[in-house]
Amino acid sequence: MKVLVVDDEPIIRQVLKTMIRWEEHGFEWGGEACDGNEAWERLADGGIDLVVTDILMPRMDGLELVRRMKQMESDVAVIVLSCLDDFKYVKEAMKLGAHDYILKPTMEPEQLITILNEAKLDLQKQREQKQKQLMLTQQLLQSNQAQWGLRLKKAWVSGQPDIELEEALFTADGKLSSWMIYLAPDVRLSINGWDWPDVWAYVSVNEHQVLLIYKDQITAAHQERKAQLQQSLAGSNTGLTEHGFWLSAVTGINQPEQLYRIVHMHDELRKRCFYGVQTGLFIQQASEVKVSDEQHSAWKGELPQDEKQNLLRAIAGHNEDAVVYWSEQICKRLGSLQPPITQTSSFLYELLSFAAALARQEGTGNLDDFDRKVAAAQAQAYFRLETLGMWFTEACRELTILQSGTAVVPTSRNPFVRKAQIYMKHNYHLAISTTDIAQNVKLSRSYLSDLYSKETGESLIESLVRIRLEAAKQLLLANNKKVYEVAEAVGFTDAKVFAKTFKKAVGCTPKEYEEQNK
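Just so it is clear, the model here is predicted, and its values are computed rather than measured.

Attention now goes to the packing of aromatic side chains. This structure, assessed with the given rule, holds 10 aromatic pairs. Judged by centre distance (5.8 Å) and plane angle (50°), the rings of tyrosine 182 and tryptophan 246 are tilted. Pair noted here: tyrosine 182 is in strand S6 (residues 175-183) and tryptophan 246 is in strand S9 (residues 245-253), with a separation of 64 residues, a long-range link. Taken individually, tyrosine 182 and tryptophan 246 each receive the classification buried, so the pair is uniform in this respect.

If you want it as structure tokens, here you go:
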């Protein structure tokens, strides 16, 4: 496979060209480009399979290059080169379809080869899947099921009724039922072209959603049909488990207007189940599913940003109790807001991915195993907020434990920062301030504050408060001291301030913490 390297720094291009023996690893040097414009022209010539690109470049940056490739449905895998300051751009590139990213300051040949091999394998699988999909699509276009399904989909998109379709469907001797198959996001299985016995119309709504329309008599056995579909989907040849898909049914369809709104009806059933409005629901009469125009229009609410920032601070501070509290608060907030399910899932997954990336930058190890474990658990939790929330909270907690395993207090090679940390650990019980810490270190307060934040990712005050609260938790568990006595013992001069700070960080009052951990 040919690799194109895109970077505005000649030295980076030269290093990438010479640091790897490309042919030995099954790759071919496909050339280099100094920015996105030159890369775009090179891609237009064809023959490139993999692109390794910088983000920040003149004329056309790497983000725009990835965006154009996505818009053109380019059959090329992308790996992003990044500095830490570029991470917000990297996040956007990953959303646009980039395979992975590499940090320039720590780039090693072995790491690059590993990522290139992973991208190559994924690309080969995608190409094979596209080829199979093309063959299946051609076969489907010849079938009556697909033809009626295409006409139904055209009516949805155009908003124009199809009279011939309505006459063929709505006869005097029966009603219609519809079954929607939802696949989890990580499922790579294509169910296009499957044999669906008794199905009158088959509609591929998108790559993770398939609608089946049946001409039912009123006495149709819906429970039996559900069992048949589950057996087909979770059979030994598919590789799917019961966690990889979800079914819903809308029955008793006897009006064209219901048929034209059928996808929104199914999405409403799924939303009710996801947010726990109705548990165990999967079959519903069409007349009982009400969908307003507002329900399927673009959602304009705000996601829980304040809770998100508090969670990131808790993770950065290695505060396990606060991490659990704020991750649960985020899920509660999402449950009350009830945004579209895809937005809820994406918000949680992207937030966790961002926190893991920051942890990786701090040197936290074992994150490859963590990533694999989290991805597998997410797929199993996808169809209900309750289970998705449990997955999210547990993943955040485990990430915090991994970070804490490297250092309880953020460490630094800088001797001034280390001295400040030692001073706080030895004197947290006193009424010390940032000025006292700076005087001990023999630096100005402002200079030390800036240096400390840059080196550790948290302020002097945040570190001091965290150390005090950790000591407070030990005292609360060790004996029967009153709250004000604990506050004084860990350096708080005001018991009310201590209690308020403790609750915000830990998620409960000092008394509640003591009771919960007896």
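Let's shift gears to the confidence of the model for the protein. For the protein, per-residue confidence averages 83 on the pLDDT scale, and 89% of positions sit at 70 or higher. The spread of mean pLDDT over the elements of the protein runs between helix H14 (residues 367-381), the lowest at 68, and helix H17 (residues 434-441), the highest at 93. Contacts from residues 406-410, a stretch scored under 50 in pLDDT, to residues over four places away or in other chains number 15 contacts.

Attention now moves to the sheet that holds strand S5 (residues 100-103). The pairing of strands in a sheet happens through backbone hydrogen bonds and is either parallel or antiparallel. Across the sheet, 5 strands lie side by side as S2-S1-S3-S4-S5; this open sheet has parallel pairing. Across the chains shown, the open sheet's two edge strands, defined by having one partner strand only, are strand S2 (28-33) and S5. Going across the sheet, the axis of each strand differs from the next one's by a mean of 20°, ignoring polarity. In terms of strand pairing, strand S1 (residues 2-6) meets S2 through 5 bridges, oriented parallel. Bridging across to S2, leucine 4 finds its partner in glycine 31. Packed on one face of the sheet, helix H1 (residues 10-19) meets S1, S2 and strand S4 (77-82) and runs near 180° to S2. Packing against the sheet, helix H3 (residues 62-71) makes contact with S1, strand S3 (50-53) and S4, and its axis sits at approximately 155° to S3.

Closest axis-to-axis distance for the helix H16 (residues 415-427)/helix H19 (residues 460-478) pair is 10 Å, and the angle between their directions is 35°. Here the hand of the crossing between H16 and H19 comes out right-handed. From H16, Ala420, Met424 and Lys425 reach across to H19, where they touch Leu460, Ser463, Leu464 and Ile467. Class assignment for the residues of the contact of H16 with H19 results in 5 nonpolar, 1 polar and 1 charged.

Quick notes on the rules
- Residues numbered from 1 in each chain as written.
- Predicted model: local features only at pLDDT ≥ 70, side-chain atom pairs only at ≥ 80, totals over all residues.
- Heavy atoms only, no water.
- Phe/Tyr/Trp six-rings, centres within 6.5 Å; stacked < 30°, edge-to-face > 60°.
- Helix = DSSP H or I, 4+ residues; strand = E, 2+ residues; numbered from the N terminus.
- Buried < 20%, exposed > 50% of the residue type's maximum accessible area, 1.4 Å probe, protein only.
- pLDDT = per-residue confidence, 0-100.
- Contact = heavy atoms within 4.5 Å.
- Pairing = 2+ DSSP bridges.
- Axes fitted to C-alpha atoms, helices over the stretch in contact; angles between N-to-C directions.
- Left-handed = near helix turned anticlockwise from the far one by under 90°.
- Nonpolar A, V, L, I, M, F, W, Y, C, P; charged D, E, K, R; others polar.

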